[in-house]
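# Observations on the model geometry
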Amino acid sequence: MVRKSKTACHTCRRRRLRCDEAKPHCQRCAAEGVECLGYGKMILWVDGVASRGKLMGKTFNTTSLSPKGSPVASPPSSNAHTSNQLSTSHHGHDSRVVASQTPPALYSSLLDPWLQQMDYNTRHYLAHFLTNVGNDLIVHNLPSHKPNPLRVLLEFSQQSSALFNIIIAMSAHHQHNLLLGTPGAQTHQIHGLRCKGRALHLLSHEITHINPSNYTTLLASSMLLSEMALLELGDDTWRIHVGAAARLVRGITMSCPSIVPDGMGVEAYAFCSWMISRLVLQDMFGSSLSSTTANCDLQGVWGPGQGIDRVLRIAELDHYSSCPAQISQLILAASSVHNTPPGPPVFCDRDNPTTCIFSSIQQFDPAEWALALQPHTPTDDFTERYHIASAYKAAAALYVAQIIPDEQMCDHRNREPQYLVHDILHHISQISQTNPLFKSSIWPICIAGAETTDVHHRATVLSHLRTLSIAIPWQSTYVAEQGLKAFWERIDALPQHEPHRARRWLDEFRSMGVSIYPA
């Protein structure tokens, strides 16, 4: 005879599912092959040594569990306890010194049964993701700031073992990059690869049953995998995951339009919009200095009336690039004119889109944009937002002049590109290395580096990128630095009688067949 309990089992509570309250074990857990933690008070051994009684002096360790009971491998605790450790990492002939600090406690309550089931190392990886990795992903990563999308991401990871393992893998790879060149780095890399492999295996099963219950977690998994490709390798493999996300969004909206947004909660819908905004920017920035162009499949599929302008405005507030939405839209518009004509944005004159794009860049007011953003930011960052927006304005003018053909430019090609390069370098130099918006300078500095032929400007660009690679230990930052150096060698070796090739530097860059991610 099955007896009922008045409370849900700890496993169903943790997974936020309806429990059938059967005793001695939940039948739902048994049917899904998940360990049922029961209904009574949870008593778990924590890492440490007993200080009294018959067990005095004995050491106990907890078992690391991911959602749905799948195990998560843990690195040796000696690496997890690293605190204020200085390490030197080597990339070829370059070296850098970084500080690896034990991250603060998790945002969630330590009494949460979901956290209680994990060992110290797993909790350490989660804390490192929410703090160190989170600082790289968004502008202001403050636990008290609401809504904090990383906290929402962690909540959804409780519903998906695949998503949970991706988060652990990203944290492990991030620590590997921080400790590169030290004995402990390889341990984190191995752990990250194992979790990534487990996540891909789990995703292969989850993606065959797409429905409203797992749509959000699948999209989150695709987004994080695209980010992890930049963290781990820095090459073009991120495109695979962005393409998968685009097909996921397009398929779910076309096959069952009511799912967006009727079939999901307000929080899930807002979270999905946030993820899509990141994917759109990744597609745009990743295609800017690449031999392939952006497909932008994500721009028009997120529900009626939710166009590209709304998506980009979501991103400009907390995306690490802090690129103004108007500038992003103009970059996409110029790409559209160049690659798939006629495709100007709705606010442009379709008979003369080039004139509209350049005049819109010139009319953009960085101060007005930074001021309008202040009511929505957790701290007063007007000055830094102004300088970043000014750098993006100058970089956009240089970039758009490259992607629009000469015959369409007429009198709109800027006659003083070196002035714009100087403008970018000036505004970026006004942002402190310790400021959260310092990481937002990657794309403008790469555009300045590609445009300039001045040795002093190149030295400034290289120094800035090396500083960024310390502040942001992502492989994509290092690849961007090496890509620019290879490009300069190619430009400097061009014949003197072909100055037009140096002037059209974007075509020359794309002809190299090298892709860098300058953001």
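Cut-offs applied
Residues numbered from 1 in each chain as written. Predicted model: local features only at pLDDT ≥ 70, side-chain atom pairs only at ≥ 80, totals over all residues. Heavy atoms only, no water. Helix = DSSP H or I, 4+ residues; strand = E, 2+ residues; numbered from the N terminus. Buried < 20%, exposed > 50% of the residue type's maximum accessible area, 1.4 Å probe, protein only. Contact = heavy atoms within 4.5 Å. Salt bridge = Lys/Arg side-chain N within 4 Å of Asp/Glu carboxyl O. Phe/Tyr/Trp six-rings, centres within 6.5 Å; stacked < 30°, edge-to-face > 60°. pLDDT = per-residue confidence, 0-100. Core = buried A, V, L, I, M, F, W, Y, C linked by side-chain atoms within 4.5 Å. Expected span 1.5 Å × (residues − 1). Axes fitted to C-alpha atoms, helices over the stretch in contact; angles between N-to-C directions. Parallel < 35°, antiparallel > 145°, perpendicular 65-115°, else oblique. Left-handed = near helix turned anticlockwise from the far one by under 90°. Nonpolar A, V, L, I, M, F, W, Y, C, P; charged D, E, K, R; others polar. Polar contact = N/O pair within 3.5 Å; in protein donor to acceptor, adjacent residues only side chain to side chain.

Secondary structure assignment for the chain yields 23 helices and 6 strands. Relative to its 519 residues, the chain shows a buried fraction of 54%. The long-range share in the chain, meaning contacts at least 24 apart out of those at least 6 apart in sequence, stands at 67%.

Turning our eyes to something else, we now look at the pattern of salt bridges. Inspection of the entire model under this criterion finds 8 salt bridges. Of the charged contacts, one joins Glu481 and Arg466 as a salt bridge, the two residues approaching to 3.3 Å between their closest N and O atoms. Of the two residues, Glu481 sits in helix 21 (residues 475-492) while Arg466 sits in helix 20 (residues 455-471), which places them 15 residues apart along the sequence. With a relative accessible area of 2%, Glu481 lands in the buried category.

Turning our attention to the packing of aromatic side chains. Applying the stated criterion to the full structure yields 7 aromatic pairs. Between the aromatic rings of Phe156 and Phe271, the centroid separation amounts to 5.3 Å while the plane-to-plane angle is 5 degrees, which identifies the pairing as stacked. Pair noted here: Phe156 is in helix 6 (residues 149-157) and Phe271 is in helix 11 (residues 266-288), with a separation of 115 residues, a long-range link. For the pair Phe156 and Phe271, a shared accessibility class is recorded, and that class is buried. Relative to Tyr392, the ring of Phe285 has its centre 6.4 Å away and its plane inclined at 45 degrees; by these criteria the two rings are tilted. Residue Phe285 is found in helix 11, and its partner Tyr392 is found in helix 16 (residues 382-403); the two are separated by 107 residues along the sequence. In terms of burial, Phe285 and Tyr392 fall into one category: buried.

Summary statistics for the chain give a mean pLDDT of 76 and a share of 70% for residues scoring 70 or more. The low-confidence segment residues 43-52 (pLDDT under 50) makes 23 contacts with residues lying over four places distant or belonging to another chain. Below pLDDT 50 for its whole length, residues 68-105 participates in 101 contacts with residues either more than four positions away or in separate chains.

What follows covers the environment of Tyr320. Mapped onto the elements, Tyr320 comes out in the loop between helix 12 (308-318) and helix 13 (325-339). For the pair formed by Tyr320 and Ser440, sequence separation is 120 residues and the distance between their alpha carbons is 5.7 Å.

Right, let's talk about the nonpolar core for a bit. One finds Phe129, Leu153, Met170, Leu219 and Leu224 to be the most contacted residues of the largest nonpolar core, which totals 120 residues. If you tally residues by element for this core, the top one is helix 16, at 13 residues. Ignoring anything within four residues of it in the chain, the contact list for Phe129 reads Gly134, Leu137, Leu150, Leu153, Ile167, Met170, Ser171 and Leu224.

If you check helix 20, its first and last C-alpha atoms are 24 Å apart, about what 17 residues at 1.5 Å a residue would give, namely 24 Å. Inspection of helix 20 places His457, Arg458, Val461, Leu462, His464, Leu465, Thr467, Leu468 and Ser469 among the buried residues, and these make up the whole buried set.

Two numbers describe how helix 7 (residues 161-178) lies on helix 8 (residues 185-206): the axes approach to 7 Å, and their chain directions differ by 160 degrees. Comparing the axis directions of helix 7 and helix 8 gives the class roughly antiparallel. Handedness of the crossing formed by helix 7 with helix 8: left-handed. In terms of residue class, the contact of helix 7 with helix 8 is made up of 11 nonpolar, 10 polar and 3 charged.

Take the side chain of His140 next. Take His140: it is sitting in the loop between helix 5 (120-137) and helix 6. Given a relative accessible area of 11%, His140 falls into the buried group. A polar contact of 2.9 Å, which involves the side chain of His140, links it to the side chain of Asp381.

Okay, unusual backbone geometry next. With phi around 60 degrees, Glu21 is a residue other than glycine that occupies positive phi space. Mapped onto the elements, Glu21 comes out in the loop between helix 1 (10-15) and strand 2 (22-23). Owing to a relative accessible area of 23%, Glu21 belongs among the partly exposed residues under this scheme. We note that Ser322 has phi near 50 degrees; this positive angle belongs to a residue other than glycine. Judged by its relative accessible area of 0%, Ser322 falls in the buried class.

Another aspect to go through is the environment of Ile327. Secondary-structure assignment places Ile327 in helix 13. Sequence separation between Ile327 and Tyr392 is 65 residues; the distance between their C-alpha atoms is 7.3 Å. In this structure Ile327 touches Phe364, Tyr392, Lys393 and Ala396, once residues within four positions along its chain are discounted.

The description of two helices packed together rests on the angle between their axes and the distance between the axes. Packing of helix 19 (residues 442-451) against helix 20 leaves a shortest axis separation of 10 Å and a crossing angle of 150 degrees. Between helix 19 and helix 20, the crossing angle belongs to the class labelled roughly antiparallel. Judged by the sense of rotation from one axis to the other, the crossing of helix 19 with helix 20 is left-handed. Facing Ile442, Ile445, Cys446 and Gly449 of helix 19, the residues of helix 20 in contact are Val461, His464, Leu465 and Leu468.

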